[in-house]
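Residues per chain are reported as follows:
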Amino acid sequence: MVEYGVSATVVDGVGTVSFSHPKANSLPSEQLRALSESIDRFSKDSKVGVIVLQSGGEKAFCAGASFDELLALEDEAEAVEYFLGFARVILSMRASKKFVIARVQGNAVGGAVG
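Attention here is on the structure that accompanies the text. Given the structure is predicted, the values throughout are model-derived calculations rather than measurements.

## Some details on helix α1 (residues 29-44)
Residues that lie three or four places apart on an α-helix share one face, since the helix turns once every 3.6 residues. The terminal C-alpha atoms of α1 lie 23 Å apart, and with 16 residues this matches the ideal 22 Å at 1.5 Å per residue to within 8%. Taken together, the buried positions of α1 are occupied by Gln31, Leu32, Leu35, Ser36, Ser38, Ile39, Phe42 and Ser43. Burial along α1 is one-sided: seen end-on, the buried residues are contained in an arc of 160 degrees. Buried residues belonging to α1 abut β1 (5-11), β2 (14-20), β3 (26-27), β4 (50-55) and α3 (76-95).

## Brief notes about the sheet that holds β2
The strand order β1-β2-β4-β6 describes an open sheet built from 4 strands, whose pairing is mixed. Edge strands, defined here as strands with exactly one partner in the open sheet, are β1 and β6 (99-103). Within this sheet the neighbouring strands show an average axis-to-axis angle of 20 degrees, counted without direction. In this sheet, β6 lies alongside β4 in parallel orientation, the contact comprising 5 bridges. Looking at β6, one finds that Gln54 is bridged to Arg103. Most of the contacts of α1 go to β1, to which it runs at about 15 degrees, and overall it touches β1, β2 and β4.

The rules behind each value
Residues numbered from 1 in each chain as written. Predicted model: local features only at pLDDT ≥ 70, side-chain atom pairs only at ≥ 80, totals over all residues. Heavy atoms only, no water. Helix = DSSP H or I, 4+ residues; strand = E, 2+ residues; numbered from the N terminus. Expected span 1.5 Å × (residues − 1). Buried < 20%, exposed > 50% of the residue type's maximum accessible area, 1.4 Å probe, protein only. Arc of directions from axis to C-beta. Contact = heavy atoms within 4.5 Å. Pairing = 2+ DSSP bridges. Axes fitted to C-alpha atoms, helices over the stretch in contact; angles between N-to-C directions.

Okay, here's the thing in structure tokens:
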């Protein structure tokens, strides 16, 4: 499991996309981008039959938006771009040619875009 960030591995036809953040697996924009890119890549990979999305730790699956990043946004354009990151992850899963399975443990919080 990745300590902080996103990792993508393939074992026996299972593409596993793992993400982790020390603040309850919150999602800053760099992780959103990496999640979407990993799902897109696995969707096109003939060695991958199914995609598993999982997070680190044992408590929260995902706390949602990174409050640190939200507080740092300076204008509407930055905010729109940040929240488009969530939309891109969702669209990557919807457009995937493979089944996407979420391995959820603990709390999972959804909001606005989700």
